[in-house]
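A closer look at the structure
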Amino acid sequence: MGIIYSQTERTFTIHTKETTYQMKVDNYGFLLHLYYGKKVKGNMDYLLTYYDRGFSGNPYEAGRDRTYSMDALPQEFPSLGNGDYRGTAISVENPDGTLSCDLRYKEHRIKNGKYGLPGLPAVYAKAEESQTLEIDMEDRVTGLQVTLLYGVLPELDIITRSAKITYAGPGKIYLEKVQSVCLDFLYGNYDLITFYGRHAMERNFQRVPVAHGRQMVGSRRGASSHQYNPMMILADEKTTEDAGCGYALSFVYSGNFQGEAQKDQFNQTRVLMGLNEEMFRYPLETGETFYAPEVILSFTDQGLNRLSQNLHSCIRHHVCRGKYKEVVRPVLINSWEAAYFDFTGEMIYELAKQAKEVNIEMLVMDDGWFGKREDDNSGLGDWYVNEEKLGGTLGDLIRRINDLGIKFGIWIEPEMISEDSNLYRAHPDWALVIPGRDPVRARNQLVLDFSRKEVVDYIYGQICNVLDQGNIEYVKWDMNRSLLDIYSVSSKDQGRIMYDYVLGLYDFLERLVRRYPNMLIEGCSGGGGRFDAGMLYYTPQIWCSDNTDAVDRLKIQYGTSFGYPVSAVGSHVSAVPNHQTGRKVSMKTRGITAMAGTFGYELDLGALSSEDKEEIKKQISDYHKFAPLIQNGKYFRLSNPYQDEICAWEFASEDGSEALLNVVMQQIHGNMTVNYVKMYGLKAGAMYQEENSGKVYSGAALMEAGLPLPIEFGEYQGYQMHFVIYE
Ligand code: GLA
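Residues numbered from 1 in each chain as written. Predicted model: local features only at pLDDT ≥ 70, side-chain atom pairs only at ≥ 80, totals over all residues. Heavy atoms only, no water.

Structural notes on the sheet that holds strand β3 (residues 19-25)
Here is the rule we go by: Strands qualify as paired when DSSP identifies two bridges or more between them. Helix numbering and strand numbering both begin at the N terminus, where a helix is a DSSP run of H or I of at least 4 residues and a strand a DSSP run of E of at least 2. Angles shown run from 0 to 180 degrees and are taken between the N-to-C directions of axes, each axis being a line fitted to C-alpha atoms and, for helices, limited to the stretch in contact.
The strand order across the open sheet built from four strands is β1-β2-β3-β4, with neighbouring strands paired in antiparallel fashion. Edge positions in the sheet fall to β1 (3-6) and β4 (31-38), since each has one partner strand and no second. On average, each strand axis in the sheet is inclined to that of its neighbour by 15°, with strand direction left out of account. As paired elements, β3 and β4 share seven bridges and run antiparallel to each other. Counted as the bridge partner of Thr19 is Lys38 from β4.

Structure (structure tokens):
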């Protein structure tokens, strides 16, 4: 299979279908990185060069050899303290207060199957489709043991990396920094592609050259954040959507992270990704173990579309779990933009009735159904049904809605607490607050200390109590503020709390998915503030953004598509004028945009005209027709919505027998120029018929010469073109 160890050369070579990754244990026991890229054969250590470099020290054992320096050599897991002055993967504070760590190779194991990480989400795969390489490194002075973990899914061109860190010496050490991956490149000019944003405008695309100095993205907000996504790409400066080399890094973790790229003094590039080193100081006493969350890696020489597709298949089939992972999700209507907090049980029932008329399949009752929750100033933590507001029990409401033939879903926000709640009055110390300091409030709420098991246990019990009251088939798990004021009574070491908080969150979610295996959970954090591969292990879809404006969504979903499959992208048709932007976009364009996701509605159906309702019916029937292609097909970006007048994307079936082209015109001008797109994923030798026009095209022509896109008069017009193989 994919992992080969050469005893004579002391090299580890990992082969996937189209890529090779190689490293070597050198004479001093350092683990040097040799190569990651397109598939090659042979020993790559000829790539290493040795020169006497001023102010780059040499290991003691090198004696008078001044050409051997950790400051210049490419490494797998560089540490602070052995002569590498670049960004490191690990730094520690030893029991004697020193800050030095020197890791050398000890032994290794190659196993079938993919490793798992206790308490953390991770890529999973069958024993026959994956392998694991474990390399033990140790600091012989302190007894710190680091096992580097490599998971390989050869068919998918995916390699994962993580590290298990155990302290075997006396006393206590502190992990000051732990990165899950380091990738060193000996030469070349690269671009760093990252995804920045803000609430309601997440995952904007940014591509900048890697320069001297640290270029960094990250989060210290306790969640992966709206501001920077924990997925980034290192691409050759010439790489485009359909050609060129690129490396993707996706962190399978939902809390604080950092990702960085740096060109060093010798023009070598280093990329690191892992936990944020700020607000992190993790204690390990004798015999204790720490697991670094995993990073998914992929390489391709075939452009960014292909790189995204590698991540899409890995996340869809080997990260997401549960009944819904590979099936088309029910078309839902969410009550949030329909009614906000202002509803009664009867209004929810009415919405379900209207939903039924247009063939919507599920109703989701959003925020406002519990405790004292008439606005966002109170009630969080009091997870008992407000039967007065609902005009009866939750069970009755669900039964009535189910009787219409409509499924029922509900909103929760388990990690939060309002000061105006019975829970806070009973347990003020359960909130993250630093004694003697006033906490920073956000949305007028505080965060529960999920690093404490008794807090997680209690809220879990409360939530299960609600979920057991009826046939609840969907839950929207929300999280509406960033963490701050980190103080937990559970430990003297506050530097561990933000990591332990995420473990508490994962523990809750794991229990939930096991207890309710048939329930669909949608993640959410003020929209897409925790949109990461870690959450997707528990929630196969995540509300992509609180911004439902179809035109803004083009960019948000474009950015999201680089790292995440369409099946993970929560997307709804909402009312016009849009509640976030005031923009008016046609129902058709709103529908096409929402179809590049899980598809649903979020508006007051009662306020719609009968034409709109008819159009919704048509949309839903179109969606059912296209959903298998949308969800299972390959996704291609055909334009750059930041630069182009149009935004276009395509779904092509794996076998190339059909494709759905989606276009939204972002701009319209007098005497409008024509935009062309080249399609992908078709069979060059086959003929295709476009369903609406009946026109027939050759696959090769559509891919090589392209297609002139029809100009539609009016603002933000959108259309779909369905190409089916034509014998
Ligand atoms: C967040 C979510 C919204 C909605 C509200 C409810 O902002 O992203 O979709 O659920 O909370 O308070």
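So, the site of the ligand
Under the convention used in this document: The nearness test applies per residue and asks whether one of its heavy atoms lies within 4 Å of the molecule or strand. In protein, a polar contact requires one atom able to donate a hydrogen and another able to accept it; more generally it is a pair of N or O atoms within 3.5 Å, and residues adjacent in sequence count only if both atoms are side-chain atoms. Amino acid classes used here: Ala, Val, Leu, Ile, Met, Phe, Trp, Tyr, Cys and Pro are nonpolar; Asp, Glu, Lys and Arg are charged; the rest, including Gly, are polar.
Near the ligand, the surroundings consist of 13 residues, among which Asp366, Asp367, Lys476, Asp478 and Asp546 are the closest. Between an oxygen atom of the ligand and a side-chain N or O atom of Asn480, the distance comes to 3.1 Å. Measuring from an oxygen atom of the ligand, one finds a backbone N or O atom of Gly527 at 2.9 Å. When the residues that make up the shell around the ligand are grouped by side-chain class, the tally is four nonpolar, three polar and six charged.

Some remarks on the pattern of salt bridges
Our working rule: Each reported salt bridge corresponds to a side-chain nitrogen of Lys or Arg within 4 Å of a carboxyl oxygen of Asp or Glu. Categorising residues by exposure relies on relative accessible area from a 1.4 Å probe, with only protein chains included: less than 20% of the type maximum marks a residue as buried, more than 50% marks it as exposed, and the intermediate range marks it as partly exposed.
A complete count under the given rule lists 54 salt bridges for this structure. Here Asp84 ties to Arg86 by a salt bridge, and the two come within 3.0 Å at their closest N and O atoms. Exposure remark for Asp84: the relative accessible area of 2% places this residue in the buried category. Classification of Arg86 as buried rests on a relative accessible area of 9%. Glu614 serves as the salt-bridge partner of Lys617, at 3.5 Å between the closest nitrogen and oxygen. Of this pair, Lys617 and Glu614 both sit in helix α12 (residues 610-632), three residues apart, roughly one helical turn. Overall, Lys617 belongs to the partly exposed group, its relative accessible area being 31%.

These figures capture arrangement, not role.
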